[in-house]
Amino acid sequence: MIGSGNEARVETLATGFLERKTFWETLTSEKYFKWVLITPLLIVLLVFTLYPMCYCLFYSTHQYAMPRPPKFIGFDNYRAVLQDVNFWQALGRSFYLLVISIAVELIVAMGIAMLFNREFKGQNIIRGLCLLPLLISPLAMSMIWDYIFHYDMGLMNHVLAKIGFSKVNWWTPEVALYTIAVISIWQWTPFSIFVLLAGLRSLPRDAFEAAKVDGATPWYTFRRITLPMLMPIIMIIILLRTMWLIRLFDPLYGTTRGGVGTETFDWMVYRVAFVFFDVGAGSTLAIISLFLTLVLCALLFRVLMKSLGAAE
Amino acid sequence: MKRIAFWMATFVILFAFVFPIFWVYLTSIKAKADIYSLEFSTQFLFSPTIDNFRHLFLKTPFFQEITSTAIVSVASTILVMLVALPAAYSFARFNTGYGHLLFITISTRMFPAAVAAIPFFFAFKSLGLLDTHFGLTMLYLYFNVSFAVFLLFGFFREIPAELEQAAMIDGYGRLEILRKIIFPLIKPGASITAVFCLVFAWNEFLYAFLFTRLHAKPLSVGISNFWATIEIQWGPMSAGAGLAILPTLAAAWFMQRYIIRGLTFGAVKG
């Protein structure tokens, strides 16, 4: 009896040994494979986001204006930033720019997408041409806009003068922020158009036919059928555009360089950190912006996931 | 009547999007005197010149810059795809991290550029990576990877899991499934993602501006240098910008039919 028991144990040990997987098999097994696949991404994210975050957190509690050595000052940087009127203005401008750009882009793009959502002659070439602004360097383009909007030499004022209006100074504190918005709207509206167009083309036909039979007005059809069904797409656009607009830099660099009342939040971080070389204050601003964008992103992401789930 | 209205609207839209780019090319063949002219007539009526291109080729390191741009954007795009493809597959097929990890990945793209710029500037300085192609490539890897994961996630979700299960029953191993089933199906989506990464890296300015000086300086920084202390040299600048768009244009042209599908992130089943 005892002997046979031992034999059985030896047997299981033996099969266990035989079944022991090679390193490669372990990597591709059900349990580990998904993590193996994701490891490179995790490494990249760890190196490229954790390190900067820790660095900024550390130096945001220090007085550190290059080239003087850092000195620990607790939360004084945060206090100074939150009391700085420039900070609140820059934040307000960024938010304002975000809202008007996305609102205008969505409305214009929706109109154009509805217009192009049909078969017409040369449709591919015309839609392709509309994609052009996405491809050109935003920096180069903003310098060309600077030329077009130039007070004396710019085409815009030449045309305005020609048709009998007075010239407009596009770069005054009252107007400049809108000029910047126009530049960024011009460049990114094509993106929204194409996403919306793809969305429109994928909508089921029967709902629209039913609405037609019921004699619904076009506006009613749009508001009650098209818009709700496009919601996930619209959320994706808002999410991505928010991501891109928060780091709006090139149009500012090519035109006002943060002057005449156009200093946005991202520009302020740049100015403090790389023009003044105030690493302490720059890190503080960076941490605050990190916090704000994370909250914003979480909010948008939740709505997006909800609408994606609802669409399926 | 309706047709006329449609074509009028189409014309206005096309004009709005294409004219500023047309203006870039027009400016690139204008003489300096015509660019700075205060008269309306010279805006369109002028004698064309190639002086701006000559200036660009002879007086600025244009070819060195465009080589840098090409090296960095191609290298970073390849790296991005190597990292993003398996990760997106894992997210889409195994729901790795139950959405939280995907959220973290996407949210890294929202960090204001300067958050990463400050620490990296000093890290790169001490590692000797400032003004190198390698350094800039790594930054673009970080810059593009989350967006690529997001795009590819949508494409992978469109591939039915049943295909893989069937292949598994037939005795395929994991790598064989990846090679023989997943890869051919993801190719269009991967191409469009790669084009996006390429265009973004090609046109990126802020990191290039902060992290390069001479050796690895890409074209976008070269273009910004035409903003001199006294005046903006719009002529050579337009010449450079006009040439810089051509490769991205070619890339987009080849990808045209995938673009519409590519932009919907799997929210649209087309």
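Rules of the game
- Residues numbered from 1 in each chain as written.
- Chains lettered and ligands numbered in written order.
- Predicted model: local features only at pLDDT ≥ 70, side-chain atom pairs only at ≥ 80, totals over all residues.
- Helix = DSSP H or I, 4+ residues; strand = E, 2+ residues; numbered from the N terminus.
- Rg over C-alpha atoms; globule rule 2.2 N^0.38 Å.
- Buried ≥ 20, exposed ≤ 12 C-beta atoms within 10 Å, placed from the backbone.
- Contact = placed C-beta atoms within 7 Å.
- Core = buried A, V, L, I, M, F, W, Y, C linked by C-beta atoms within 7 Å.
- Domains from an automatic or database assignment.
- Nonpolar A, V, L, I, M, F, W, Y, C, P; charged D, E, K, R; others polar.
- Expected span 1.5 Å × (residues − 1).
- Axes fitted to C-alpha atoms, helices over the stretch in contact; angles between N-to-C directions.
- Parallel < 35°, antiparallel > 145°, perpendicular 65-115°, else oblique.
- Left-handed = near helix turned anticlockwise from the far one by under 90°.
- pLDDT = per-residue confidence, 0-100.

### A few points about the overall build of chain A
Thinking step 1. Within chain A, the regular secondary structure consists of 15 helices and 2 strands.
Thinking step 2. The C-alpha atoms of chain A give a radius of gyration of 28 Å, which is well past the 20 Å a tight globule of 312 residues would have.
Thinking step 3. Viewed in the frame of its principal axes, chain A has a C-alpha envelope of about 110 × 75 × 30 Å.
Thinking step 4. Residues classed as buried in chain A amount to 37% of the 312 residues present.
Thinking step 5. Intrachain contacts of chain A at a sequence separation of at least 6 include 70% that bridge at least 24 residues.

### Section: the overall build of chain B
Thinking step 1. Along its length, chain B carries 12 helices and 0 strands.
Thinking step 2. Walking chain B from its N terminus toward its C terminus, one meets helices and strands in the order α-α-α-α-α-α-α-α-α-α-α-α.
Thinking step 3. The buried share among the 270 residues of chain B stands at 48%.

### Some words on the nonpolar core
Nonpolar side chains in soluble globular proteins tend to end up buried together.
Thinking step 1. The biggest cluster of nonpolar side chains holds 148 residues, and the ones touching the most others in it are Ala-140 of chain A together with Ala-84, Ala-88, Val-145, Val-149 and Leu-152 of chain B.
Thinking step 2. At 17 residues, the largest contribution of residues to this core is made by helix H7 (residues 133-158) of chain B.
Thinking step 3. Two domains share this core, each providing at least three of its residues, namely domain 1 (2-62) and domain 2 (76-311) of chain A.
Thinking step 4. If sequence neighbours within four positions are ignored, Leu-152 of chain B has contacts with Ala-84, Leu-85, Ala-88, Gly-189, Ala-190 and Thr-193 of chain B.

### Brief notes about the domain arrangement of chain A
All names here are of chain A.
Thinking step 1. Partitioning chain A into domains gives domain 1 (2-62) and domain 2 (76-311).
Thinking step 2. Each side of the interface is counted separately: domain 1 has 7 residues, and domain 2 has 8 residues.
Thinking step 3. The element that contributes the greatest number of residues to the side of domain 1 that touches domain 2 is helix H3 (residues 33-59), accounting for 4 residues.

### Brief notes about the interface of chain B and chain A
As a measure of interface size, the accessible area lost when the parts come together is often cited.
Thinking step 1. Taken together, the 78 residues of chain B in the interface contact 76 residues of chain A.
Thinking step 2. Residues of the side of chain B that touches chain A, tallied by class, amount to 56 nonpolar, 18 polar and 4 charged.

### Concerning helix H5 (residues 85-116) of chain A
Owing to its 3.6 residues per turn, the α-helix aligns residues three or four sequence positions apart on the same side.
Thinking step 1. With 32 residues, H5 of chain A extends 46 Å from end C-alpha to end C-alpha; this agrees with the ideal 46 Å at 1.5 Å per step.
Thinking step 2. Along H5 of chain A, the positions that sit buried rather than exposed are Ala-90, Ser-94, Leu-97, Leu-98, Ser-101, Glu-105, Ala-109, Met-110, Ile-112, Ala-113 and Phe-116 of chain A.
Thinking step 3. On its buried side, H5 of chain A packs onto helix H6 (123-130), helix H10 (176-202), helix H12 (218-246) and helix H14 (265-275) of chain A together with helix H1 (2-28) of chain B.

### Things to note about the environment of Val-99 of chain A
Residue and element names in this part refer to chain A.
Thinking step 1. Note on placement: Val-99 falls in helix H5.
Thinking step 2. Its 13 C-beta neighbours within 10 Å are what place Val-99 among the partly exposed residues.
Thinking step 3. As for Val-99 and Ile-238, which are separated by 139 residues in sequence, their C-alpha atoms are 9.8 Å apart.

### A look at unusual backbone geometry
A negative phi angle is the norm for most residues apart from glycine, just as the trans form is the norm for most peptide bonds.
Thinking step 1. For Phe-277 of chain A, which is not a glycine, the phi torsion comes out positive at approximately 55°.
Thinking step 2. Secondary-structure assignment places Phe-277 of chain A in the loop between H14 and helix H15 (279-311).
Thinking step 3. The class for Phe-277 of chain A is partly exposed, based on 15 C-beta atoms found within 10 Å.
Thinking step 4. The phi dihedral of Asp-131 of chain B is positive, around 60°, even though this residue is not glycine.

### A short note on the packing of H14 of chain A against helix H6 (residues 113-127) of chain B
Thinking step 1. Where H14 of chain A contacts H6 of chain B, the axes come no closer than 9 Å and their chain directions differ by 15°. The orientation of H14 of chain A relative to H6 of chain B falls into the category roughly parallel. As for how H14 of chain A packs across H6 of chain B, the hand of that crossing is right-handed. Residues Asp-266, Val-269, Tyr-270 and Ala-273 of chain A of H14 of chain A form the contact with H6 of chain B, whose own contacting residues are Ala-113, Ala-114 and Ile-118 of chain B.
Thinking step 2. By residue class, the composition of the contact of H14 of chain A with H6 of chain B is 6 nonpolar, no polar and 1 charged.

### Focus on the packing of H3 of chain A against helix H4 (residues 62-94) of chain B
Thinking step 1. The interhelical angle for the contact between H3 of chain A and H4 of chain B, taken along N-to-C directions, is 130°, at an axis separation of 8 Å. With respect to their mutual orientation, H3 of chain A and H4 of chain B come out oblique. The two elements H3 of chain A and H4 of chain B meet at a crossing, and its hand is left-handed. From H3 of chain A, Lys-34, Leu-37, Ile-38, Pro-40, Leu-41 and Val-44 of chain A reach across to H4 of chain B, where they touch Val-83, Ala-84, Pro-86, Ala-87, Tyr-89, Ser-90 and Phe-94 of chain B.
Thinking step 2. Grouping the constituent residues of the contact of H3 of chain A with H4 of chain B by class yields 11 nonpolar, 1 polar and 1 charged.

### Some points on the confidence of the model for chain A
All names here are of chain A.
Thinking step 1. When pLDDT is averaged across chain A, the result is 81; 91% of the residues are at 70 or more.
Thinking step 2. At the low end of the mean pLDDT range in chain A sits helix H1 (residues 2-19), at 51; at the high end sits H5, at 91.
Thinking step 3. Confidence drops under a pLDDT of 50 for residues 1-5, and excluding neighbours within four residues, the segment shows 0 contacts in the predicted structure.

### Here's the deal with the confidence of the model for chain B
Thinking step 1. Averaged over all residues, the pLDDT of chain B equals 82, while 93% of them reach at least 70.
Thinking step 2. Here the predicted complex carries an ipTM of 0.83, next to a pTM of 0.82.

### Some words on the environment of Tyr-253 of chain A
Thinking step 1. Examined against the element boundaries, Tyr-253 of chain A turns out to sit in helix H13 (residues 250-253).
Thinking step 2. Classification of Tyr-253 of chain A by C-beta neighbours within 10 Å gives buried; the count is 21.
Thinking step 3. Spatially, the C-alpha atoms of Tyr-253 of chain A and Gly-92 of chain A are 19 Å apart, while their sequence positions differ by 161 residues.
Thinking step 4. With sequence-adjacent residues up to four places away left out, Tyr-253 of chain A is seen in contact with Leu-139 of chain A together with Phe-205 and Ser-224 of chain B.

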